[in-house]
Amino acid sequence: MQTRLRSFNWPHLLLLLALWPYAALTAAAGWSPDAVLGAGTLGALLWLMLWERRLPQHQPWQALPAELARDGAFLGINAVAEALASALLMGLGIYWARYHATPGWAAELPPLLALPLALALGELGPFALHRLAHSRPWLWRIHSLHHHPAKLNAANSVLAHPLNVIWNKLARVLPWLLLGFEPQVMLWAALFIQVQGAAVHANIRGSLGPLDWLIGSAELHRWHHSALEGEAQNYGTAIPLWDQLFGSYLRRPRAQPKQLGLYARQAEMATNTLVA
Ligand SMILES: [Zn+2]
């Protein structure tokens, strides 16, 4: 029993539990959504990086100073990409509101129902595009940057092409805007998804046990970065629901891929698209 408790990924679970008081306190203090998301993501990254030092899953996956500098640069670049996507969404939101005076039906839902629904819908678009990005060379050319490292840690969770960041944000938020979810519900869902994006890449020992049937875990997401094609499943990050429904859910408790990085067909596809 003790071994089981020790092999549980407590830093991940505590981080998720801390999100709710954080969201309530920042709402009471009147923080803007961008400030809540930005500070929440940075805080989550620092928390995860601290625990990666104490409880690494795999020592060679620790980030080297040069890699931290690269990831820090991508954090900055992608913050600009996020801001661009936000500006685009705000413009679309204003346009939409001008022609649709009544709020969408999602505005009527109680928060306890609206939040899981927003999470599921917010994951669907990025999940579909992620699957496409693994099969369409022109999308793969953009997404493959995220798969290049042969290691996984919280810092390199931000290593992604800015266009990849923009399409994920648009695919997540547009359905929310069209269905009329409350701004607070969209913010909570976005915060959870963003923090999960960092947590599922973290090099922290332990599993979430049966909880990973419900929410994404590092143990699940490592398979997505496997260098063996058959293992590279689990396209969802925050929740595994769409993988479970579309047959790409791979769960192997207390195991990890032998090697991370591009698998053979991906490497070939990347080379072909670069030559094309
Ligand atoms: Zn991928």
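Residues numbered from 1 in each chain as written. Predicted model: local features only at pLDDT ≥ 70, side-chain atom pairs only at ≥ 80, totals over all residues. Heavy atoms only, no water.

Looking at an unreviewed UniProt entry, one finds the protein named Sterol desaturase family protein and attributed to Roseateles albus.

### Considering the coordination of the zinc ion
In plain terms, the rule: With water excluded from the atoms, a metal site may look incomplete; its donors are any N, O or S atoms within 2.8 Å, or within 3.2 Å for Na, K and Ca. For every residue, the accessible area (1.4 Å probe, protein chains only) is compared with the maximum for its type, and the residue is labelled buried under 20%, exposed over 50%, or partly exposed between those bounds.
Coordination of the zinc ion by the protein is provided by His130 (NE2), His134 (NE2), His143 (NE2), His147 (NE2) and His224 (NE2), with metal-donor distances spanning 2.1 to 2.2 Å. Within one chain, the residues serving as donors to the zinc ion are arranged as H-x3-H-x8-H-x3-H-x76-H. The class for His147 is buried, based on a relative accessible area of 1%.

### Quick notes on the packing of aromatic side chains
Quick note on the threshold: A pair of Phe, Tyr and Trp rings is counted when the ring centres sit within 6.5 Å of each other, with Trp represented by its six-membered ring. The angle between the planes then sorts it: under 30 degrees is stacked, over 60 is edge-to-face, the rest tilted. A run of H or I in DSSP becomes a helix once it reaches four residues, and a run of E becomes a strand once it reaches two; helices and strands are each numbered from the N terminus. Here, a charge over a ring is recorded when the distance from Lys NZ or Arg CZ to the ring centre is within 6 Å and its angle to the ring normal is within 35 degrees.
Per the counting criterion, the structure on display carries seven aromatic pairs. Here Phe127 and Tyr235 contribute two aromatic rings whose centre-to-centre distance is 6.4 Å and whose plane-to-plane angle is 85°, an arrangement assigned as edge-to-face. Separated by 108 residues along the polypeptide, Phe127 in helix α5 (residues 111-133) and Tyr235 in the loop between α9 (218-224) and α10 (241-245) bring together distant segments of the chain. As far as the burial class goes, Phe127 and Tyr235 line up, both buried. Both rings, one in Trp213 and one in Tyr249, keep their centres 5.1 Å apart while their planes meet at 50°; by these two values the pair is tilted. One end of the pair, Trp213, is in the loop between α8 (183-199) and α9; the other, Tyr249, is in the loop between α10 and α11 (264-275), with 36 residues separating them in the sequence. Tyr249 gets classed as buried once you look at its relative accessible area, which sits at 17%. Chaining the aromatic ring pairs together yields one cluster made of Phe127, Tyr235, Trp242 and Phe246. The ring of Trp223 has Arg252 lying over it, and the distance from NZ or CZ to the ring centre is 5.0 Å.

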